[in-house]
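Breakdown of the fold
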Protein chains: 2
Amino acid sequence: MTRSPAPAPVRLRSFDRSLPMGLLRAREAAMRLFRAHLARHDLTEQRWRVLRALTAAGPDDGALDVGEVAERTFLLGPSLSRILGDLEERGLLARTVDPADQRRSLLTLTPAGRDLVAEVAPESEAIYAGIEERFGAERLAGLLADLRDLEDALSDLMPRPGDPR
Amino acid sequence: MTRSPAPAPVRLRSFDRSLPMGLLRAREAAMRLFRAHLARHDLTEQRWRVLRALTAAGPDDGALDVGEVAERTFLLGPSLSRILGDLEERGLLARTVDPADQRRSLLTLTPAGRDLVAEVAPESEAIYAGIEERFGAERLAGLLADLRDLEDALSDLMPRPGDPR
DNA sequence: CCATACTGTATAACATGTGAAGTATTCGGG
DNA sequence: CCCGAATACTTCACATGTTATACAGTATGG
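This structure is a prediction, so every number in the text was calculated from the model and none was measured.

The rules behind each value
- Residues numbered from 1 in each chain as written.
- Chains lettered and ligands numbered in written order.
- Predicted model: local features only at pLDDT ≥ 70, side-chain atom pairs only at ≥ 80, totals over all residues.
- Heavy atoms only, no water.
- Pairing = 2+ DSSP bridges.
- Helix = DSSP H or I, 4+ residues; strand = E, 2+ residues; numbered from the N terminus.
- Near = heavy atom within 4 Å.
- Polar contact = N/O pair within 3.5 Å; in protein donor to acceptor, adjacent residues only side chain to side chain.
- Nonpolar A, V, L, I, M, F, W, Y, C, P; charged D, E, K, R; others polar.
- Least-squares fit on C-alpha atoms with pLDDT ≥ 70 in both.
- Contact = heavy atoms within 4.5 Å.
- Buried < 20%, exposed > 50% of the residue type's maximum accessible area, 1.4 Å probe, protein only.
- Buried area = accessible area lost by both parts, 1.4 Å probe.
- Salt bridge = Lys/Arg side-chain N within 4 Å of Asp/Glu carboxyl O.

**A closer look at the pairing of strand S3 (residues 105–109) of chain B**
Residues and elements named next belong to chain B. Direction of pairing for strand S1 (residues 64–65) relative to S3: antiparallel, over a ladder of 2 bridges. Note that in S3 the partner of Asp65 across the bridge is Leu106. Of the strand pairs in this sheet, strand S2 (residues 93–97) and S3 are connected by 5 bridges, and their pairing is antiparallel. Pairing of Leu93 across the sheet is with Leu109, part of S3.

**What to know about the protein's contact with DNA strand C**
Taken together, the neighbourhood of DNA strand C is formed by 24 residues, with Pro78 and Ser79 of chain A together with Arg35, Gly67 and Arg95 of chain B sitting nearest. Restricting the count to atoms of DNA strand C within 4 Å of the protein gives a sugar and phosphate share of 69%. Take Val66 of chain B: an N or O atom from its main chain is 3.2 Å from a phosphate oxygen of DNA strand C. One of the side-chain nitrogen or oxygen atoms of Ser81 of chain B is found 3.1 Å away from a phosphate oxygen of DNA strand C. At the level of secondary structure, the elements contributing two or more residues to the surface near DNA strand C comprise helix H2 (45–56) and helix H4 (77–89) of chain A together with helix H1 (19–39), helix H3 (66–73) and helix H4 (77–89) of chain B. For the surface near DNA strand C, the residue count by class is 6 nonpolar, 7 polar and 11 charged.

**What about the relation of the copies chain B and chain A?**
If you rotate chain B by 180° and push it 0.0 Å along the axis, it lands on chain A with an RMSD of 0.0 Å. Such values leave the two copies arranged in the relation of a two-fold axis. Looking at the rotation axis and the C-alpha trace of chain B, the residue lying nearest is Leu23 of chain B, at 3.0 Å. Taken together, the interface assignments show that 100% of the residues at the interface of chain B recur at the interface of chain A, consistent with an identical surface on both copies.

**Focus: unusual backbone geometry**
The bulk of non-glycine residues show a negative phi, and the bulk of peptide bonds are trans. Residues and elements named next belong to chain A. Notably, Asp42 is not glycine yet its phi reads approximately 60°, a positive angle. Mapping Asp42 onto the fold places it in the loop between helix H1 (19–39) and H2. The phi dihedral of Phe74 falls on the positive side, at around 65°, and the residue is not glycine. Among the structural elements, Phe74 can be located in the loop between helix H3 (66–73) and H4. Accessibility expressed as a relative area gives 12% for Phe74, which makes it buried.

**Observations concerning the interface of chain B and chain A**
Counting residues at the interface gives 60 residues for chain B, matched by 60 residues for chain A. Buried surface at the junction of chain B and chain A, both sides included, amounts to about 6,200 Å², of which 70% is carbon and sulfur. Broken down residue by residue, the surface that chain B buries against chain A is led by Arg13, Phe15 and Arg32 of chain B, which jointly contribute 11%. Between chain B and chain A we count 6 salt bridges in total. Between Glu151 of chain A and Arg25 of chain B there is a salt bridge, with the nearest N and O atoms lying 3.0 Å from each other. Taken together, the connections running from chain B to chain A amount to 10 residue pairs in polar contact (both at pLDDT 80 or more). Residue assignment for the side of chain B that touches chain A shows that the elements contributing at least two residues are H1, helix H2 (45–56), H3, helix H5 (111–135) and helix H6 (137–157) of chain B. The element that contributes the greatest number of residues to the side of chain B that touches chain A is H1 of chain B, accounting for 16 residues. Partitioning the side of chain B that touches chain A into residue classes produces 32 nonpolar, 7 polar and 21 charged.

**Remarks on the environment of Asp149 of chain A**
Locating Asp149 of chain A in the fold gives a position in helix H6 (residues 137–157). Using a relative accessible area of 33% as the deciding quantity, one classes Asp149 of chain A as partly exposed. Those residues in contact with Asp149 of chain A that lie beyond four places of it in its chain are Phe135 and Arg139 of chain B. A distance of 2.6 Å separates the side chain of Asp149 of chain A from the side chain of Arg139 of chain B, its partner in a polar contact.

Set out below in structure tokens:
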């Protein structure tokens, strides 16, 4: 009786060489640098992203609607909804209904919100500067460019819903 | 009356040039490719990582304890605990107490677990091959190497607890 | 031995990620 | 006009991430 054929050993790329894991580990290492700093101001990474997006919109007429903030912060609707509720309760941002389209909420930072950003931003930028110094600013820029190219390539393989690519 | 000095405009790096966002977006683009595939087998990305780790340990004496799986899958204890409970309920893995140290659970895939891996792995690898083809295998390898260097550099700035670096 | 510190794992509590369904408003064709 | 489709958010339900805490088992110094 011939031996039954050995089951084909399952071939699987090792973790260390897998793209999603590499991206996850690098991001985790980066975020670890910021998390303690943000936590001291009762901010999570995501809330900080929202504050940043609204700051970038500018203090003058810098009202963004929820959809624009979602795009810029890369947050999904449900998370953003919760975060906006929290930031509004804390008096850091204000929501007003867009008079031209009552489905939209327009978001602006309050003075307290802007104060908080002004307080947190310097250390945040200092941490980032530390990363650039340690890894090399040019090399970092190259890596970011590669990441963007990768994102584009992957989006071709499976476009995000709503991505006009 | 002289105008009060304009408040220093808060200088913040634009999102698109920030490292954590770049890593997040790239990872999200990559995971989008795998998620639907895994969902068809009632697997999440994290559960799949656990199955892979146990597969890589080998069918023969491939028992890993929870801590080893946590390291290899890059999952934190609480998430891993929940996932192990689920996979055990589904009959995909078995937990046995390590006789040499009763604090440890030893984990092995059941035959059903190995079957599932054998079923899922080929398409998973095919998706990965598609990424390599689209982005370039060599370029991808270079990117992964850069990511690892970055991780090392960032770990120097803030070592993980327990990292002997 | 034994009290104590340490280690491996699990649980709790809260925030976010993800997909699906719900609500209010607007738009567009008949 | 008016009704159905589309849009902008929100809410729900469940899985994971993150931090702190609990707890059993093990090692260690006295």
